[in-house]
Amino acid sequence: QVQLVESGGGLVQAGGSLRLSCAASGRTFSNYVMGWFRQAPGKQREFVSAISWSGGGTTYADSAKGRFTISRDNAKNMVYLQMNSLKPEDTAVYYCAANSQGWGTRSLVFRYDYWGQGTQVTVSS
């Protein structure tokens, strides 16, 4: 089992920044590809970003490229999502997730084994 707890969400004006954090506990954190997803009201959960076991590989949804940066600290069992130049359409609940099935499945919601409870991000115009 892996337990994930997100923090750092909140209300921010368009153009502002937020840094989301995800604290992991349980099984060896470095064994997992870590991802961030989001879900807006009435919409399906969607992929935002993922990072490989060592942090050497990252990938982003088109909506996040150039604005968001994912990182991880395996010594602290933490993963982060730095979000800059936020837009109202970024408003959603953001989820941290852990994937044991490999880098090739990094953008697939159903391939993630463990999920946090989510943190709300609201961007006002």
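What counts and what doesn't
- Residues numbered from 1 in each chain as written.
- Predicted model: local features only at pLDDT ≥ 70, side-chain atom pairs only at ≥ 80, totals over all residues.
- Heavy atoms only, no water.
- Pairing = 2+ DSSP bridges.
- Helix = DSSP H or I, 4+ residues; strand = E, 2+ residues; numbered from the N terminus.
- Axes fitted to C-alpha atoms, helices over the stretch in contact; angles between N-to-C directions.
- Phe/Tyr/Trp six-rings, centres within 6.5 Å; stacked < 30°, edge-to-face > 60°.
- Buried < 20%, exposed > 50% of the residue type's maximum accessible area, 1.4 Å probe, protein only.
- Disulfide = S-S within 2.5 Å.
- Lys, Arg positive; Asp, Glu negative; His and termini not counted.
- Salt bridge = Lys/Arg side-chain N within 4 Å of Asp/Glu carboxyl O.
- Polar contact = N/O pair within 3.5 Å; in protein donor to acceptor, adjacent residues only side chain to side chain.
- Contact = heavy atoms within 4.5 Å.

Visitor: Teacher, can you tell me more about the sheet that holds strand β3 (residues 18–26) here?
Guide: Note on sheets: strands pair through backbone hydrogen bonds, and any given pair is parallel or antiparallel. Strand order in the open sheet made by the 4 strands is β1-β3-β8-β7, with antiparallel pairing throughout. On the outer flanks of this sheet lie β1 (2–7) and β7 (68–73), each paired with one strand and no other. Put simply, the sheet's adjacent strands are angled 15° from each other on average, direction ignored. In this structure, β3 lies alongside strand β8 (residues 78–83), joined through 6 bridges in antiparallel fashion. Note on β8: the bridge partner recorded for Leu-20 is Leu-81.

Visitor: How do you make sense of the packing of aromatic side chains when you look at a structure like this?
Guide: Each aromatic ring pair is specified by the distance between its two centres and by the angle formed by the two planes. By the definition in use, this model includes 6 aromatic pairs. For the ring pair Phe-37 and Tyr-112, a centre distance of 4.9 Å and an interplane angle of 80° mean the geometry is edge-to-face. Here Tyr-112 lies in the loop between β9 (92–99) and β10 (114–115) and Phe-37 lies in strand β4 (residues 33–39), a separation of 75 residues in the sequence. Looking at Phe-37, the relative accessible area reads 0%, which means it is buried. The class of Tyr-112 is buried, set by a relative accessible area of 6%. Ring plane angle 55° and centroid distance 5.0 Å describe the contact between Phe-37 and Trp-115, whose orientation is recorded as tilted. Note that Phe-37 is positioned in strand β4 and Trp-115 in strand β10, a separation of 78 residues in sequence. Of the aromatic side chains, those joined through ring pairs into one cluster are Phe-37, Phe-47, Tyr-95, Tyr-112 and Trp-115.

Visitor: It is not clear to me how the state of the cysteines should be interpreted in this structure. Could you clarify?
Guide: One way to say it: the disulfide is the covalent bond shared by the sulfur atoms of two cysteines. Using the criterion set out here, one finds 1 disulfide in the structure. Disulfide pairing places Cys-22 opposite Cys-96 at an S-S distance of 2.1 Å. Its torsion about the S-S bond being -75°, the disulfide of Cys-22 and Cys-96 is classed as left-handed. Of this pair, Cys-22 sits in strand β3 while Cys-96 is found in strand β9, placing the two residues 74 residues apart along the sequence.

Visitor: Please clarify how the side chain of Glu-6 should be interpreted in this entry.
Guide: Its location among the elements puts Glu-6 in strand β1. Within the buried core, Glu-6 has no salt-bridge partner, and the shortest N-O distance to an opposite charge, that of Arg-45, equals 7.4 Å. A polar atom in the side chain of Glu-6 sits 2.8 Å from the backbone nitrogen of Cys-96. Among the polar contacts made by the side chain of Glu-6, one reaches the main-chain amide nitrogen of Gln-117 at a distance of 3.0 Å. When sequence neighbours within four positions are dropped, the list of residues in contact with Glu-6 reads Ser-21, Cys-22, Trp-36, Tyr-94, Tyr-95, Cys-96, Gly-116, Gln-117, Gly-118 and Thr-119.

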